[in-house]
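# Descriptive structure summary
If you want the building blocks of each chain, they are given just below.
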Amino acid sequence: MRILGGRFRIKDRAPGRSVLSLFWWDLASFVCELYMRLFHRIRVVRFSRTPASGPVIFVSNHQSYFDPVINNVQTSQRPYTGIAGAHLTKFKPFGLLLKSWGTVFVSAAAGDKGALKIALNELQNGRAVLIYPEGSRSPDGLVQPFEKGLLLLIRRSRAPVLPIGIEGAFDVWPKDRTFPRLSGGIASASGELIPSEELLALEPAELLERLRGEVDTLRLEARRILRERSGGRWPPPGPADEPSPAT
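None of these values were measured; they are calculated from a predicted model.

### Focus on the packing of aromatic side chains
Throughout the structure, instances matching the rule amount to 6 aromatic pairs. For the ring pair Y35 and F39, a centre distance of 4.7 Å and an interplane angle of 40° mean the geometry is tilted. Note that Y35 and F39 are positioned in helix 2 (residues 19-40) at a spacing of 4 residues, about one turn of the helix. An angle of 55° between the planes, with centres 5.9 Å apart, marks the rings of Y35 and F66 as tilted. A residue pair is termed long-range when its members are at least 10 positions apart, and Y35 in helix 2 and F66 in the loop between strand 2 (56-60) and helix 3 (67-74) qualify at 31 residues. Taking the relative accessible area as the measure of exposure, F66 reaches 2% and is therefore buried. Counting every residue linked through ring pairs, the aromatic cluster contains Y35, F39, Y65, F66 and W173.

This is the structure in structure tokens:
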């Protein structure tokens with residue numbers, strides 16, 4: 001476990017956050033990682049690619065209610081503000097946990113203007129933000145089309161983007177299950193940090209597809225790792241064995 005890695009760089013990790021809030025983040029991160037390792041033998045690949053300081057947008061695929069917890073394990077030395085759909089509050093224990101981490105919940109009816117303003121403020125102050133550009137959990141484990149709010153956030157913040165791929169979470173806790181399975185492996189992988197200038201040189205549709213492709217490649221890498229570790233038994237065969245169709 002990475003209990004103390006970077007934990008004492010308070011000003012770098014989340015400028016402006018109180019020591020108490022960082023202590024709670026670290027305590028909750030420890031408990032989440034313990035749970036994930038105990039029940040799902042979580043494998044985190046390239047944890048070291050999380051930048052130690054400065055603004056950063058974490059962009060991840062969305063397979064289950066567990067995803068914010070998995071992302072926390074992947075990027076735990078950088079407390080983030082999550083921008084998430086209000087559907088994540090339906091499972092109240094996770095909703096309360098995410099709210100205590102500073103997650104901002106956005107309903108489809110309210111739109112994303114308020115969330116965008118909060119995310120920009122976090123990035124302008126040198127902090128981290130987590131986005132699920134698919135907008136809702138995947139119905140089949142594949143990476144769904146990315147929504148345009150991510151494009152606007154990158155344009156206005158000029159913050160670099162760290163793509164993250166999650167795999168196994170869909171099979172552990174799919175949309176049609178009320179509670180998660182207490183077994184089944186989960187893996188997560190980080191890609192290369194992408195400067196905003198590199199992304200903004202692309203056309204809007206190309207930018208979104210580039211990031212979606214990066215996330216899907218990482219998802220497939222995590223799936224391969226799970227298959228190797230389980231002797232091919234997990235995750236079970238399904239649509240997610242193949243790359244997500246291009247939009």
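Anyway, onward from the coordinates.
### A short note on a nonpolar patch on the surface
Taken together, L20, F23, W24, L27, F30, V31 and L34 make up a surface patch of nonpolar side chains, about 680 Å² in accessible area. The residue F23 is located in helix 2 in this model.

### Notes on the pattern of salt bridges
If you walk through the whole model with that rule in mind, you get 14 salt bridges. Here D26 and R13 are joined by a salt bridge, their closest N and O atoms 2.7 Å apart. Here D26, found in helix 2, pairs with R13, found in helix 1 (residues 10-13); they are 13 residues apart in sequence, far enough to count as distant. No difference in accessibility class separates D26 from R13, as the two residues are buried. One salt bridge in this structure joins D241 and R223, with 2.8 Å as the shortest N-O distance.

### Comments concerning the nonpolar core
Within the largest apolar cluster, 36 residues are counted, with the highest numbers of intra-cluster contacts made by F58, F66, I70, W101 and I186. In this structure W101 touches R17, W24, W25, A28, C32, P68, N72 and Y80, once residues within four positions along its chain are discounted. Within the second largest apolar cluster, 26 residues are counted, among which are I83, F146, L153 and I154.

### Remarks on the sheet that holds strand 2
If you walk across this open sheet you meet the 7 strands as 1-7-6-2-5-3-4, and the pairing is mixed. The sheet is open, and its two edges are formed by strand 1 (43-45) and strand 4 (104-106), each paired on a single side. Along the sheet, successive strands turn relative to each other by an average axial angle of 20°, direction set aside. Summarising the sheet, strand 2 and strand 5 (residues 128-131) pair through 4 bridges and their orientation is parallel. Bridging from a neighbouring strand, I57 pairs with V129 of strand 5. Of the strands in this sheet, strand 2, strand 3 (80-85), strand 4 and strand 5 are in contact with helix 5 (residues 113-124), which crosses strand 3 at around 165°.

So, how was this worked out
- Within each chain, residues carry numbers counting from 1 in the order of the written sequence.
- Per-residue local features of the predicted model are confined to residues with pLDDT of at least 70, and side-chain atom pairs are confined, for both listing and counting, to 80 or more; whole-chain, interface and lining totals are unaffected and use all residues.
- As a rule here, side-chain values come from all non-hydrogen atoms in the structure, and water together with hydrogens is ignored.
- For this analysis, a ring pair means two rings from Phe, Tyr or Trp (six-membered ring only for Trp) whose centres lie within 6.5 Å, classed as stacked if their planes differ by under 30 degrees, edge-to-face if by over 60, and tilted for the remaining angles.
- By the criteria applied, helices consist of DSSP H or I runs no shorter than four residues and strands consist of E runs no shorter than two, each listed in order from the N terminus.
- To sort residues, take the accessible area from a 1.4 Å probe on protein chains only and compare it with the maximum for the residue type: under 20% means buried, over 50% means exposed, and anything in between is partly exposed.
- Nonpolar side chains (Val, Leu, Ile, Met, Phe, Trp, Tyr) are joined into patches within 5 Å and like charges within 9 Å, using only residues with over 30% relative accessible area and no salt bridge.
- Here the accessible surface of atoms and residues is derived via Shrake-Rupley with a 1.4 Å probe, and residues count as covered only by protein chains that are part of the display.
- Every case where a carboxyl oxygen of Asp or Glu lies within 4 Å of a side-chain nitrogen of Lys or Arg is listed as a salt bridge.
- The definition of a nonpolar core used throughout is a set of buried Ala, Val, Leu, Ile, Met, Phe, Trp, Tyr and Cys residues joined through side-chain atoms within 4.5 Å.
- Residues are treated as being in contact if the distance between any of their heavy atoms lies within 4.5 Å.
- A pair of strands is treated as paired once DSSP finds two or more bridges between them.
- Helix axes are fitted only over the stretch in contact, all axes being lines through C-alpha atoms; the angle between N-to-C directions runs from 0 to 180 degrees.

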